Amino acid sequence: MVEIELDGKKVSVAEGSMVMHAAEAAGTYIPHFCYHKKLSIAANCRMCLVEVEKAPKPLPACATPVTQGMIVRTKSDKAVKAQQSVMEFLLINHPLDCPICDQGGECQLQDLAVGYGGSSSRYTEEKRVVFHKDVGPLISMEEMTRCIHCTRCVRFGQEVAGVMELGMLHRGEHAEITTFVGQTVDSELSGNMIDLCPVGALTSKPFRYSARTWELSRRKSVSPHDSTGANLIVQVKANQVKRVLPLENEAVNECWLADRDRFSYDALNSTSRLTAPMIKQGGQWQTVDWTTALEFVANGLKQVKGEFGAQGIGAIGSAHSTVEELHLLAKLVRGFGSDNIDYRTRHADFANVDAPGTARWLGMPIAELSTLDRAFVIGSFLRKDHPLFAQRLRQAARHGAQVSSLHALKNDWLLPLAHQITAAPSAWVQSLAEVAAAVAASAGVAAPVKAEPTDAARAVAESLLSGQNKAVLLGNAAAQHPQASTLLKLANWIAEHTGAKVGYLTEAANTVGAQLVGALPKQGGLNAGQMLSQPMKALLLLNTEPVWDAADAAAAAAALQGSGLVVALTAFKDAAIPNADVMLPIAPFAETAGSFVNAEGRLQSFFGVVKPVGETRPAWKVLRVLGNLLGLDGFNQESAEEVRAEALGDGSGIAAKLSNRSAAQLPAAIAAATPGLYERIADVPVYGTDMLVRRSGPLQLTADARPPAVGLPTALWQALGLADGQRVRVSQGSASAELPAREDSTLAPNAVRVSAAHPDTATLGAMFGAITVQKL
């Protein structure tokens, strides 16, 4: 530690710290623009000039290292005059458009100009003008004349998002921030640049001119999308969500948000919202009152039970639903005599569970991802599946961590990968067995499965055997894999013999919570795969669109068409639910109270921030009333808190229920892959994961939401003689689709990439399995 004197006070800070850090530790504010605690130091705005004793001129606090006995004055005449001079230069070319600027009321330049700016300008020459730029549907760069060249946005792209999409051209007063030759900003974390911009140069295009900041009320919430459980500040005006910002939480999302967390709110105000219960009569939808709708559902369920027994009734929930909703859904189905309840709509291996009441989880605190020395990620489209987890691993890699991967393609995670194993999905078990064999050879123990390690497997094993803080992480594709249990078993063996932790990145906001409340079948119950591959006599669907959420879209569509009573609890009237008989309008996360359990097992509760639209009701209330109409016991809860207490208590016992053990039996040997057989590898597009992002207008205009193209390995591409964008027919059994094709040289030689969860691919079959490609 180094002790300095700051404005007459003694302050101790770590050696190597800057004066700015010492000021933060002392609670002293030094004006600044370019400095940000999460970014590298640029020292280019000069607003933080301070007086340092014995220094001939003021020095920038953000870039001046502390030394023992240093005496710093931040409010002396010399310091203040220097800061005022910098402010004068910053304002020389700044436009006088505060009244129409979206940043007005929360602008750093505006605030500091009050304290350090002059009452009038000495500058009489013509101000510079920077022409506006169109960089996509999320960020507005239409007023770049306001830019003060702090370069926060540039450094964010390089250091946090991992891709330099913005840079600076020219020099002096002619300098300007721009993209490369008119390209758009397409990062899944791009919205953070809006937060970082200290002026009104980068603003939110969806929010533009819709409200003044002082008109907005601010309320806390939790993101319903991926398993990070990002903390939100939801800003509301006239009972409508106008903007979503990050609520800083170092243990969860730091001060960042993924774009889907930030911009999915647009769907809340969509014209496709379901605002009243509807019943299909004579093939036409009729709006009815709640009493009629719920009695129709209750009588229909009773009739099905009387004719076919309770085993003909099933329920499928979404892991984007709350703890309270999934708890009551499971309780209702079981109370009615059925055990057909599940949330794992995209899974193929339903034996991959531990004891009832336990949950697969990350295996460590989220914050620990940033401090890993070694990481081996298996089956993950990491950047798009978990943008904020990818960001943490990116920070770890910047500090020297070795990150390795096993996937069907060479991953573009915008971070340096130490080692990559590329294999088609059916060969993942073999590849993992080879890594295990390499670990066994180094450790002098018997390998769990007989295998001959490749050079890539040995490299991954050597990486995991070195370092201190290590993790083997299984992604969404590994969880959805037909041999998920075996993959977890091998991952556990590797982790045990290398001193690493093992965990799932987990798919959705409440994947862990869904397991804890028992939203999956016990012995004898049907799982989601079975319920979505055969017609059911009655099916309750909570917050899910099976055609887009199922592992086998074609089979799910056929099963629903043949099912009896189909009840959709949904927030949208255009939900992709074939053969639905009843649609009950339930409240999305912004209109209801509830809880999510994120990947690390953290229980986070929230309240509704706006009143429900129309006749919309919280799903837990709908299920409670339905339970009463069915004559079931235990449906008398008066609040979401009461339901949560029944489901999880106070949350203190969650840690003891988190388990990544696998009971799978490893094979003695692994069968070789069939030569010449092509396999599908399916990603779920980042803006196709759930009902909200699919209906967010701004997100659906981004590059990531473009219609999917079939990714073909180079050898197959050349064999078919295709040109870029040429259409092909891809088939899985009797299911097929016609799509444009593109060459993807990163794919394994026998893997074909076709996205799931999109209307263009909804006629295809399973996310894993054999696939054929024909040139049209």
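Remember, predicted model here, so these are calculated numbers, not experimental data.

The rules behind these values
- Along each chain, the written sequence defines residue order, and numbers are assigned to residues from 1.
- Residues qualify for local features only when their pLDDT is at least 70, as the model is predicted, and side-chain atom pairs are given and counted only at 80 or more; totals for whole chains, interfaces and linings, by contrast, use all residues.
- In computing side-chain values, all of the structure's heavy atoms are included and hydrogens and water are not.
- In this description a helix means any DSSP run of H or I spanning at least four residues, a strand means any run of E spanning at least two, and both kinds are numbered starting from the N terminus.
- Here the globule rule reads 2.2 Å times residues to the power 0.38, and the radius of gyration is calculated from C-alpha atoms.
- Exposed residues in this analysis have more than 50% of their type's maximum accessible area, buried residues have under 20%, and partly exposed residues fall in between, with area computed by a 1.4 Å probe over protein chains only.
- The contact rule is simple, with two residues in contact once any of their heavy atoms fall within 4.5 Å.
- All accessible-area figures derive from a Shrake-Rupley calculation using a 1.4 Å probe, and residue coverage is judged against the displayed protein chains alone.
- Interaxial angles span 0 to 180 degrees and are taken between N-to-C directions of axes, which are lines fitted to C-alpha atoms, for helices over the stretch in contact.
- Relative orientations are named as follows: roughly parallel for angles under 35 degrees, roughly antiparallel for angles over 145 degrees, roughly perpendicular for angles from 65 to 115 degrees, and oblique for any other angle.
- Should the near helix be turned counterclockwise from the far one by less than a right angle, the crossing is left-handed, whereas a clockwise turn marks it as right-handed.
- Note that Gly is not counted as nonpolar here; it falls among the polar residues with everything else outside the nonpolar set of Ala, Val, Leu, Ile, Met, Phe, Trp, Tyr, Cys and Pro and the charged set of Asp, Glu, Lys and Arg.
- Strands are labelled as partners when DSSP assigns at least two bridges between them.
- Salt bridges are counted wherever a side-chain nitrogen of Lys or Arg sits within 4 Å of a carboxyl oxygen of Asp or Glu.

J.: Explain the overall build of the chain here, please?
T.: Looking only at helices and strands, the chain features 23 helices and 34 strands. Over its C-alpha trace the chain gives a radius of gyration of 28 Å, about what one expects of a compact globule, namely 28 Å for 776 residues. Once the C-alpha set of the chain is aligned to its principal axes, its extents read approximately 90 × 70 × 55 Å. Evaluated residue by residue, the chain yields a buried proportion of 61% over its 776 residues. At a minimum sequence separation of 6, the contacts of the chain that also span at least 24 residues come to 71%. Summed over all atoms, the accessible surface of the chain reaches about 29700 Å², with 52% contributed by carbon and sulfur.

J.: Is there a simple way to think about the packing of helix α8 (residues 323-335) against helix α20 (residues 640-648) in this case?
T.: Pairs of packed helices are described in terms of their axes, by the angle between the two and the distance that separates them. The geometry of α8 relative to α20 is characterised by a closest axis approach of 9 Å and an angle of 65 degrees between their N-to-C directions. Judged by the inter-axis angle, α8 sits roughly perpendicular to α20. Every pair of crossing elements has a handedness; the one defined by α8 and α20 is left-handed. Facing α8, whose interface residues are Val323, Glu324, His327, Leu328 and Lys331, α20 presents Ala640, Val643, Arg644, Glu646, Ala647 and Leu648. Per-class residue counts for the contact of α8 with α20 are six nonpolar, one polar and four charged.

J.: What am I meant to see in the sheet that holds strand β11 (residues 217-222) here?
T.: As a general point, the strands of a sheet are linked pairwise by backbone hydrogen bonds and lie either parallel or antiparallel. Ordered by their spatial adjacency, three strands build an open sheet running β11-β12-β13, and the pairing between neighbours is antiparallel. Every interior strand has two partners, whereas the edge strands, β11 and β13 (240-246), have only one. In this sheet, adjacent strand axes meet at a mean angle of 35 degrees when their direction is disregarded. Judged from the six bridges that link them, strand β12 (residues 231-237) and β13 form a sheet pairing that is antiparallel. For Val236, the partnering residue across the bridge sits in β13 and is Val241.

J.: Mind showing me how you'd approach the pattern of salt bridges here?
T.: Any two side chains of opposite charge can pair, so long as their charged atoms come close to each other. Counted by the stated rule, this structure contains 41 salt bridges. Linking Lys501 and Glu368 is a salt bridge whose minimum nitrogen-to-oxygen distance equals 2.8 Å. Separated by 133 residues along the polypeptide, Lys501 in strand β22 (residues 501-504) and Glu368 in the loop between β17 (341-342) and β18 (374-378) bring together distant segments of the chain. In this structure Glu368 comes out as buried when scored by relative accessible area, which is 15%. One salt bridge connects Arg602 with Glu600, and the closest N-O pair in it is separated by 2.5 Å. On the basis of relative accessibility, which here comes to 13%, the residue Glu600 falls in the buried class. Taken together, the shared-partner salt bridges in this structure form one network comprising Arg346, Glu545, Asp549, Asp574, Arg694 and Arg695.

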